[in-house]
Amino acid sequence: MQATAPNSNKEITADLVIYGATPSGIMAAVQACRMGKSVALLEPGQHIGGMAASGLGATDIGKPHLIGGLAREFYSQAYQYYQSPEAWAAETREAYAPRHRDAISEPGELQFFIEPKVAQALFERFLRDHKVSVYFGERLDRTMLAESSQRVAGVQMEGNRITSLRTESGRVFKAAVFIDTSYEGDLMAGAGVPFMQGREDNAQFGETLNGIQPADVQTIDPFRVEGQPESGPLPGIEASAPGMPGTADQRLQAYTFRITLTDAPENRIPITQPKNYDPEWYELWARSLAQDPDQFPGRNLFKLTPMPNRKTDSNNHGPFSTDFVGQNYDWIEADYATRQKIWEQHRDYVQGMLWFLGHDERIPEKVRNEVLQWGLPKDEFEDTGHWPWQLYVREARRLCGCYIITEHDSSGKVRSDDPVGMGSYAMDSHSVTRYVDAEGRLCHEGFFFSPAQPYGISYRALIPEESVCSNLIVPVCISATHVAYGSARMEPVFMILGQSAATAAAQAIDAGRSVQAIDYAQLQQRLLEDGQILSAKSQSCEPAGAHQ
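Fair warning: this is a prediction, and the values are worked out from it, not measured in the lab.

1. Notes on the overall build of the protein chain
A count of helical and extended segments in the protein chain gives 13 helices and 27 strands. Compactness check: the protein chain gives a C-alpha radius of gyration of 23 Å against a globular reference of 24 Å for 548 residues, within 12% of the reference. Viewed in the frame of its principal axes, the protein chain has a C-alpha envelope of about 70 × 55 × 50 Å. Within the protein chain, the proportion of its 548 residues that are buried is 61%. Restricting the contact set of the protein chain to residue pairs at least 6 apart, pairs at least 24 apart contribute 78%. Carbon together with sulfur atoms contributes 48% to the accessible area of the protein chain, which is approximately 20,100 Å² in total. Side-chain charges in the protein chain split into 49 positive and 70 negative, and the spacing between the mean points of these groups amounts to 3 Å.

Okay, here's the thing in C-alpha cells:
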C-alpha cells in the first residue's frame, strides 16, 4: 500500500476520487484500477478497512452464495490465510472451527470470522497489489458555503458536476467521477445532494416496520431513586414517549463499538476504569442482575462471539448492553471535534460498562469473575490503546436517489430491473430510545429483526437525480428507507456495491456520459464477467452471523 507524505502535491488529479477507505471504498479503488483508471483514495482517519478491520469480525452475511466479485475474493483470501498453522497463535484451526457454525464456509472455501489485524492486512494487500495510493487524514472541508446553502466549502461544483474536493489540509482532488464510501455520507451531503435521516412514517411507503416502534416494556425501575419518580429518570432515559408508533422522527438507532476481547492470559490487557466513569449510567445493569443473577453469559450484557485465536467480536446483546442508546443523535451534522467527543463518550460508556460489571460489588460475584476473564488484546489496535478506532455507525445519512429501496424490496414483493448486487440479511434495527411511559415504566423502542427475501439492489439507489449531481455514486449511504437499510447495511454488501460503483464510474468515463446515463446492459455484462451475483431464486432468508 502506498501512502502520501505530508508535503505531497497540493493538487491531485485522477479519474476517480473515492472518499472513505472503508471496505466499500477499498473494493471500489481496486476495481477502478483493474479497469485501467487512476484512483485517489481518501481516508479521513488514519486506518483503512472501516468496521471490518475495527472489531466487526463476525461478518453478517445473509446468504453466502450471493456474495460475489471482489468481496468473495476477500473472504476466500481470509480462508486461505487461516489454512496455515502459523496463523494460529493461541489455538489450532481444528479447535476453533466447531466453536461457531458460521465462522467457516467449507464448501465455498470462505471464512467470515476474521481477526481485525488480519482483515486490515488483507485489505492492505489488495491496495498494495493494485498500487493504490491512500491519502490518510484527509478530511473534507465541511465549512458551510453560506447560511442558506446546503453545500460545503470543500466541494466545488460547476452546474450539476463536482469538479473538485478540498480537504482541511488544503489539498485539492480533481476527478471525472466521485464515489462517496464514507459511513456518514459527508461528500454526498457536502455536494448538496438530498438525503434522508432517521425514520420515515410507515404510511409514506406503505411499510410496517418504520417509524417509532411499539414499546418493549421492562420490569426495571427507571428512576434515579427507586420508587421515586420525582428523582427523575436515570441517565440516557427520556422522561416521556418519543411519539406515536409508526410515525417519523429524526432519531438514529444506537451506535457502539464492536469490542475485540481475549481470554488468553499472554495476550490480555485488563480493562481499566475510564477517566469519565459514572456508575449511574449502569444502574439498570445492577437492578437487572439483582432480578436475574444467572443471565450472563446469556441473553443480556454483551456477546462473546468467538474469533480465531481466542478473541471475540463482542456486540450488544439484550436491552442493557453495549449500545449507547440515544447518545448519537447529533453525530451526523456534528463537526469533527464534536464527533471526536461523541466517539470518546461511546468509548467511555462501553469501557465503563465492562469495568462496572467486573468490579461493582452489586454485581453477582459469578458475573464479576466471568467478566474479569476478558481483556483487550495486545496484538490488536496497537496505535489506539488496543481499542477499536472505528465507532460502529450503524446508520447515518441515506441518499435520496433515483430509486428508493423499501421494505417491499427486502421482503421480495418488489424487484428492481437493474441490480448491481444482492441483499439478503434480515431487516434489522437496534434500539433507538429509552424512555419512561405514562405509567412510570421503563421502555425501549426502535428494535426490529424481521427475515428478508434475497433481493436485488438497484443501481439507481446508488445515484442521485442527474439534475442534482451527474458524477457522484454513493454505495454505502444508499437510497433506502430506515427499514430497508437495516437489511442492506452489511459489509459484504458494501464491498459488492463499491465494486459495482467503480465499474459504473469507469464506464461513464469511457462513454463520456453522466453516471445516470450509462448503459445498464453493458454494466450488467461487466459485473457478471467479474463474478458479481445479480440474481437469486426467491427463498426465505435465515440470517447467518452475529446480530448487528
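Let us keep going from here.
2. A look at the sheet that holds strand E2 (residues 11–13)
Reading across the sheet, the four strands line up as E2-E10-E9-E8 and stay open at both edges, with mixed pairing between neighbours. Only two strands of the sheet have a single partner each, and these edge strands are E2 and strand E8 (155–158). Taking each pair of neighbouring strands and ignoring which way they run, the sheet shows an average axis angle of 25°. Both E2 and strand E10 (residues 172–174) contribute to a ladder of three bridges, which runs parallel. Residue pairing across strands places isoleucine 12 opposite phenylalanine 173, the latter belonging to E10.

3. Topic: the pattern of salt bridges
Following the criterion strictly, the structure yields 36 salt bridges and no others. Between arginine 362 and glutamate 283 there is a salt bridge, with the nearest N and O atoms lying 2.5 Å from each other. On the criterion of sequence distance, the pair formed by arginine 362 in the loop between helix H8 (336–359) and helix H9 (365–371) and glutamate 283 in helix H7 (residues 283–291) is long-range, its members being 79 residues apart. For glutamate 283, a relative accessible area of 14% corresponds to the buried category.

4. Some details on the sheet that holds strand E24 (residues 442–445)
On the basis of which strands lie adjacent, the open sheet formed by three strands has the order E13-E24-E23 and antiparallel pairing. The two strands at the open ends of the sheet, each matched to only one other strand, are strand E13 (216–217) and strand E23 (433–436). Judged from the two bridges that link them, E13 and E24 form a sheet pairing that is antiparallel. Across the sheet, residue aspartate 216 finds its bridge partner in E24, namely histidine 444.

5. Considerations on the confidence of the model for the protein chain
On average, residues of the protein chain score 93 in pLDDT, and 94% of them are at 70 or above. With pLDDT under 50 throughout, residues 538–547 is counted as low confidence; its partners more than four residues away or in other chains account for 44 contacts.

6. Considerations on the environment of threonine 406
Tracing the backbone shows threonine 406 in the loop between strand E20 (398–399) and helix H10 (407–410). The buried category is assigned to threonine 406, whose relative accessible area is 7%. Threonine 406 sits 55 residues away from glutamine 351 along the chain, and the two C-alpha atoms are 36 Å apart. With residues near it in sequence (within four places) discarded, threonine 406 still touches Phe205, Glu207, Thr481 and Ala484.

7. Side note on the pairing of E23
The alternating pattern of E23 places Thr433 and Tyr435 on one face and Arg434 and Val436 on the opposite face, and all of these are buried. Of the pairings in the sheet, the one linking E23 to E24 comprises four bridges and is antiparallel in character. Within the sheet, the bridge partner assigned to tyrosine 435 lies in E24 and is cysteine 443. Count of turn residues in the E23/E24 antiparallel hairpin: five residues, of which glycine 440 carries a positive phi of about 80°.

8. Overview of the side chain of threonine 22
Within the secondary structure, threonine 22 is located in the loop between strand E3 (16–19) and helix H1 (23–34). On the basis of relative accessible area, threonine 22 is assigned to the buried category, the value being 6%.

9. Describing helix H2 (residues 69–81)
Over its 13 residues, H2 runs 19 Å from end to end, which matches the ideal 18 Å to within 8%, given 1.5 Å per residue. Taken as a whole, H2 has its buried residues at Gly69, Leu70, Ala71, Phe74, Tyr75, Ala78 and Tyr79.

10. Overview of the packing of aromatic side chains
Using the criterion set out here, one finds 23 aromatic pairs in the structure. Judged by centre distance (5.5 Å) and plane angle (35°), the ring pair of tyrosine 282 and phenylalanine 356 falls under tilted. With a gap of 74 residues between them, tyrosine 282 in the loop between strand E16 (268–269) and H7 and phenylalanine 356 in helix H8 connect regions that are remote in the sequence. Phenylalanine 356 carries the same exposure label as tyrosine 282, and that label is buried. With a centroid separation of 5.8 Å and 50° between ring planes, the pair formed by tryptophan 285 and phenylalanine 320 is classed as tilted. With tryptophan 285 in helix H7 and phenylalanine 320 in the loop between strand E18 (311–313) and H8, this pair connects stretches of sequence that are 35 residues apart. Across the pair, exposure class does not vary: tryptophan 285 and phenylalanine 320 are buried alike. An aromatic cluster of at least three residues, connected via ring pairs, comprises Tyr277, Trp281, Tyr282, Trp285, Phe320, Phe324, Tyr349 and Phe356. The ring of tyrosine 336 is capped by arginine 142, whose NZ or CZ atom sits 5.1 Å from the centre of that ring.

11. Focus on the packing of H1 against helix H4 (residues 116–129)
The contact between H1 and H4 brings their axes to 9 Å, and the two run at 25°. Overall, the two elements H1 and H4 adopt an arrangement that is roughly parallel. Classified by chirality, the crossing of H4 by H1 is left-handed. The residues of H4 that touch H1, namely those facing Pro23, Ile26, Met27, Ala29 and Val30, are Phe123, Phe126 and Leu127.

12. Side note on the packing of H7 against H8
At a closest axis distance of 10 Å, the pairing of H7 and H8 adopts a crossing angle of 35°. In this structure, the crossing between H7 and H8 has a hand that is right-handed. Residue-level contacts link Trp285, Ala286 and Leu289 of H7 to Tyr349, Met353, Phe356 and Leu357 of H8. Its residues placed into classes, the contact of H7 with H8 shows seven nonpolar, no polar and no charged.

What counts as what
- Residues numbered from 1 in each chain as written.
- Predicted model: local features only at pLDDT ≥ 70, side-chain atom pairs only at ≥ 80, totals over all residues.
- Heavy atoms only, no water.
- Helix = DSSP H or I, 4+ residues; strand = E, 2+ residues; numbered from the N terminus.
- Rg over C-alpha atoms; globule rule 2.2 N^0.38 Å.
- Buried < 20%, exposed > 50% of the residue type's maximum accessible area, 1.4 Å probe, protein only.
- Contact = heavy atoms within 4.5 Å.
- Areas by Shrake-Rupley, 256 points an atom, 1.4 Å probe, with all protein chains shown as cover.
- Lys, Arg positive; Asp, Glu negative; His and termini not counted.
- Charge placed at Lys NZ, Arg CZ, Asp CG, Glu CD.
- Pairing = 2+ DSSP bridges.
- Axes fitted to C-alpha atoms, helices over the stretch in contact; angles between N-to-C directions.
- Salt bridge = Lys/Arg side-chain N within 4 Å of Asp/Glu carboxyl O.
- pLDDT = per-residue confidence, 0-100.
- Expected span 1.5 Å × (residues − 1).
- Phe/Tyr/Trp six-rings, centres within 6.5 Å; stacked < 30°, edge-to-face > 60°.
- Lys NZ or Arg CZ within 6 Å of the ring centre and 35° of its normal.
- Parallel < 35°, antiparallel > 145°, perpendicular 65-115°, else oblique.
- Left-handed = near helix turned anticlockwise from the far one by under 90°.
- Nonpolar A, V, L, I, M, F, W, Y, C, P; charged D, E, K, R; others polar.

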